[in-house]
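Take a look at the letters that make up each chain.
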There are 2 protein chains.
Amino acid sequence: MPTDSATGQSGTNRPGGTNGPGGRRRRGAVLEAAILDAAWDQIREAGVAGFTFDAVASRARTSKPVLYRRWPSRKELLAATLHRQLVVNPLVVPDLGSLRDELARLLREDSEKRFQFIGVFGSLGVVLDGSSVSFAELRRLAIGGSQSTMDAILVRARERGEITVDLPERVAGLPFEMLRGQVLMTQKPLDEESIGSIVDEVFLPLVRAYEHGLDAANEG
Amino acid sequence: MPTDSATGQSGTNRPGGTNGPGGRRRRGAVLEAAILDAAWDQIREAGVAGFTFDAVASRARTSKPVLYRRWPSRKELLAATLHRQLVVNPLVVPDLGSLRDELARLLREDSEKRFQFIGVFGSLGVVLDGSSVSFAELRRLAIGGSQSTMDAILVRARERGEITVDLPERVAGLPFEMLRGQVLMTQKPLDEESIGSIVDEVFLPLVRAYEHGLDAANEG
DNA sequence: GTCATTAGATACTGACTCGTATCTTCAAGG
DNA sequence: CCTTGAAGATACGAGTCAGTATCTAATGAC
């Protein structure tokens with residue numbers, strides 16, 4: 001996780017240098033990662049509006065041309081920034097022995113790692129438009145990351161015998177749509193009470209309903 | 001619903017006039033409403049980023065000073081714009097004879113009337129900060145509007161005997177959190193299939209589960 | 001050590017936006 | 001009809017940002 005890491009002192013041995021930590025001049029992939037992490041810090045603090053090349057360059061202790069050599073415009077930089085956060089921060093949930101615990105853990109992790117991403121997502125449709133890494137691609141990554149982890153959890157639950165029937169797609173994705181809906185409105189990560197409520201008041205009762213077969217009988 | 005209503009021709013009898021429709025000079029409440037409607041059109045088309053005083057003034061066929069006389073800054077204008085849309089566009093669902101039909105209707109209406117609002121909501125936390133009409137107030141209005149209509153529907157369902165037990169708050173709010181979650185990611189209003197799925201695959205099965213009492217047995 | 005590459009600093013243009021000031025012109029009240 | 005208040009046009013200064021150009025200097029390959 002990228003922290004501000006403002007080492008403060010700039011000029012170690014260079015004239016007006018505001019280089020990276022340690023005073024050494026960074027290059028290639030190291031520099032690129034540092035920039036994208038700084039960009040992520042910037043977007044979290046100042047939002048999409050405060051996401052300027054000057055601000056990002058300054059925070060990354062480099063300069064604008066270095067950014068422009070890599071990303072031709074603000075859109076690309078923004079997309080690359082979010083893309084990196086999604087790719088570099090995969091959701092992983094170990095086997096905890098029960099569907100309940102694993103789902104709660106997944107919701108907690110998703111919420112913590114990505115709630116700022118959710119807060120920012122609303123603005124993206126307007127900003128990103130025809131970028132190389134498009135809005136649709138970011139959406140796919142964001143949803144896919146949660147869903148594939150969820151799928152893994154459901155597979156384990158099925159192996160344990162906690163689930164025997166097939167759940168509709170929307171039911172499997174339900175916890176995350178609720179997560180997004182609440183995070184969007186509160187601009188905060190999910191608290192423990194909400195996690196418990198989604199798991200115990202909504203998802204598990206619904207799973208049990210599908211298990212007991214007293215379900216979809218009056219549709220269409 | 002405010003439409004662009006670009007009557008086109010400007011100078012009816014005034015020198016450089018770009019007045020309102022009809023060429024007459026608007027005043028007071030009429031003018032204010034016209035401005036806020038234009039502002040809403042603007043934010044829908046250009047997003048929060050394109051929400052400038054110049055753009056709004058031009059679209060409302062008036063000029064910046066007129067706006068500044070009413071709202072001291074962009075924040076206030078933005079808050080007033082969203083506030084008006086929420087207040088002027090209440091959600092109403094008539095008695096349709098069944099919980100299922102009424103909920104579907106409510107989701108459809110909420111989605112159509114407010115999906116742009118949801119898209120914009122993510123940006124607001126950063127933009128609005130200590131405004132007279134705050135982020136929290138807008139959130140309360142947005143959630144409250146949906147929830148109170150939902151409560152009315154649930155009351156009718158109870159009178160009909162479709163529901164006899166009490167539902168947890170989160171269950172009653174579930175359709176809207178799912179709505180927000182999906183709209184946030186797709187930037188589109190809910191399609192009919194999604195509405196049907198939320199109603200028939202999630203909400204109603206869950207209600208039935210609570211009705212049959214095979215529910216909350218293993219929490220905390 | 002030499003050289004090609006690229007980081008990094010700085011400055012600049014053009015566009016845009018905010019917020020205000022000034023002036024003219026209309027609308028309504030009496 | 002006359003006065004008052006507000007609408008509307010226009011212009012301006014200050015500030016910000018995108019994107020580019022130009023220069024110096026450090027780094028790594030050889």
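Residues numbered from 1 in each chain as written. Chains lettered and ligands numbered in written order. Predicted model: local features only at pLDDT ≥ 70, side-chain atom pairs only at ≥ 80, totals over all residues. Heavy atoms only, no water.

**With respect to the overall build of chain A**
(1) Moving on: Counting secondary structure elements, chain A contains 8 helices and 0 strands.
(2) Moving on: With 220 residues in all, chain A has 50% of them scored as buried.
(3) Moving on: When contacts within chain A are restricted to residue pairs at least 6 apart in sequence, those whose partners lie at least 24 apart make up 67%.
(4) Moving on: Accessible surface for chain A amounts to roughly 10000 Å². Of this, 50% is attributable to carbon and sulfur atoms. (Helix = DSSP H or I, 4+ residues; strand = E, 2+ residues; numbered from the N terminus. Buried < 20%, exposed > 50% of the residue type's maximum accessible area, 1.4 Å probe, protein only. Contact = heavy atoms within 4.5 Å. Areas by Shrake-Rupley, 256 points an atom, 1.4 Å probe, with all protein chains shown as cover.)

**Regarding the interface of chain B and chain A**
(1) Moving on: Across the contact, 44 residues belong to chain B and 44 residues belong to chain A.
(2) Moving on: When the two sides are added together, the surface that chain B and chain A hide from each other amounts to roughly 3800 Å², 61% of it contributed by carbon and sulfur.
(3) Moving on: Along the contact surface separating chain B from chain A lie 0 salt bridges.
(4) Moving on: Counting the contacts that link chain B with chain A gives 10 residue pairs in polar contact (both at pLDDT 80 or more).
(5) Moving on: Residue assignment for the side of chain B that touches chain A shows that the elements contributing at least two residues are helix 5 (99-127), helix 6 (135-160), helix 7 (169-186) and helix 8 (192-211) of chain B. (Buried area = accessible area lost by both parts, 1.4 Å probe. Salt bridge = Lys/Arg side-chain N within 4 Å of Asp/Glu carboxyl O. Polar contact = N/O pair within 3.5 Å; in protein donor to acceptor, adjacent residues only side chain to side chain.)

**Some remarks on the relation of the copies chain B and chain A**
Taken together, a rotation about one axis and a shift along it account for how the two chain copies relate.
(1) Moving on: For these two chains of identical sequence, chain B goes onto chain A by a turn of 180° and a shift of 0.0 Å along the axis, with RMSD 0.0 Å. A rotation of that kind, with that shift, is consistent with a two-fold axis.
(2) Moving on: Comparing interface residues between copies, 100% of those in chain B also lie at the interface in chain A; the contact surface is shared. (Least-squares fit on C-alpha atoms with pLDDT ≥ 70 in both.)

**Some words on helix 1 (residues 28-46) of chain A**
(1) Moving on: Look at helix 1 of chain A: 27 Å from first C-alpha to last across 19 residues, which is about the 27 Å you get at 1.5 Å a residue.
(2) Moving on: For helix 1 of chain A, the full list of buried residues reads Leu31(A), Ile35(A), Leu36(A), Asp37(A), Ala38(A), Ala39(A), Trp40(A), Asp41(A), Gln42(A) and Ile43(A). (Expected span 1.5 Å × (residues − 1).)

**Remarks on the packing of aromatic side chains**
Residue and element names in this part refer to chain A.
(1) Moving on: Under the counting rule described, the total for this entry stands at 6 aromatic pairs over all chains.
(2) Moving on: Judged by centre distance (4.2 Å) and plane angle (20°), the ring pair of Phe53 and Tyr68 falls under stacked. Taken together, the residues span a long stretch of sequence, with Phe53 in helix 2 (residues 53-59) and Tyr68 in helix 3 (residues 64-68) at a distance of 15 residues.
(3) Moving on: Considering the side-chain rings of Phe117 and Phe121, the 5.2 Å spacing of their centres and the 50° angle between planes classify their relative orientation as tilted. Placement of the pair is Phe117 and Phe121 together in helix 5 (residues 99-127), with a separation of 4 residues, close to one helical turn.
(4) Moving on: Overall, Phe117 belongs to the buried group, its relative accessible area being 4%.
(5) Moving on: In textbook terms, an aromatic cluster arises when at least three aromatic residues are bridged by ring pairs, as seen for Phe117, Phe121 and Phe135. (Phe/Tyr/Trp six-rings, centres within 6.5 Å; stacked < 30°, edge-to-face > 60°.)

**So, the side chain of Glu102(B)**
All names here are of chain B.
(1) Moving on: Positionally, Glu102 belongs in helix 5.
(2) Moving on: In terms of polar contacts, Glu102 uses its side chain to reach the side chain of Arg156, at 3.2 Å.
(3) Moving on: Aside from chain neighbours lying at most four places away, what touches Glu102 is Val93, Pro94, Asp95, Leu96, Gly97, Ile153, Arg156 and Arg160.

**As for the nonpolar core**
(1) Moving on: Counting residues in hydrophobic clusters, the biggest one holds 129 residues, and the most contacted among them are Leu124(A), Phe203(A), Leu124(B) and Phe203(B).
(2) Moving on: When residues in this core are grouped by element, the largest group, 12 residues, is from helix 5 of chain A.
(3) Moving on: Sequence-distant contacts of Leu124(A), defined by excluding residues within four places in its chain, comprise Leu78(A), Leu82(A), Phe135(A) and Leu138(A). (Core = buried A, V, L, I, M, F, W, Y, C linked by side-chain atoms within 4.5 Å.)

**Remarks on the confidence of the model for chain A**
Should the pLDDT be low somewhere, the predicted coordinates at that spot are not to be read in detail.
All names here are of chain A.
(1) Moving on: Looking at chain A, the pLDDT average stands at 83 and 83% of residues meet or exceed 70.
(2) Moving on: Summarising per-element confidence for chain A, the mean pLDDT is lowest in helix 5 (86) and highest in helix 8 (residues 192-212) (95).
(3) Moving on: Taken as a whole, residues 1-17 scores under 50 in pLDDT and shows 18 contacts with residues more than four places along the chain or in a different chain.
(4) Moving on: Ignoring residues within four places in sequence, the model shows residues 215-220, a span with pLDDT below 50, making 8 contacts including any to other chains. (pLDDT = per-residue confidence, 0-100.)

**Overview of the pattern of salt bridges**
All names here are of chain A.
(1) Moving on: One pass over the structure, following the stated rule, counts 33 salt bridges over all chains.
(2) Moving on: The partner of Lys64 in a salt bridge is Asp54, with the nearest N and O atoms 3.7 Å apart. Here Lys64, found in helix 3, pairs with Asp54, found in helix 2; they are 10 residues apart in sequence, far enough to count as distant.
(3) Moving on: Of the residues examined, Lys64 reaches a relative accessible area of 34% and is grouped as partly exposed.
(4) Moving on: With its nearest N and O atoms 4.0 Å apart, the salt bridge here joins Glu109 to Arg105. One end of the pair is Glu109 and the other is Arg105, both in helix 5 and 4 residues apart, which spans about a single turn.
(5) Moving on: Judged by relative accessible area, which is 31%, Arg105 ranks as partly exposed.
(6) Moving on: When salt bridges with common partners are traced through the structure, they connect Asp95, Glu102, Arg156, Arg160 and Glu162 into a single cluster.

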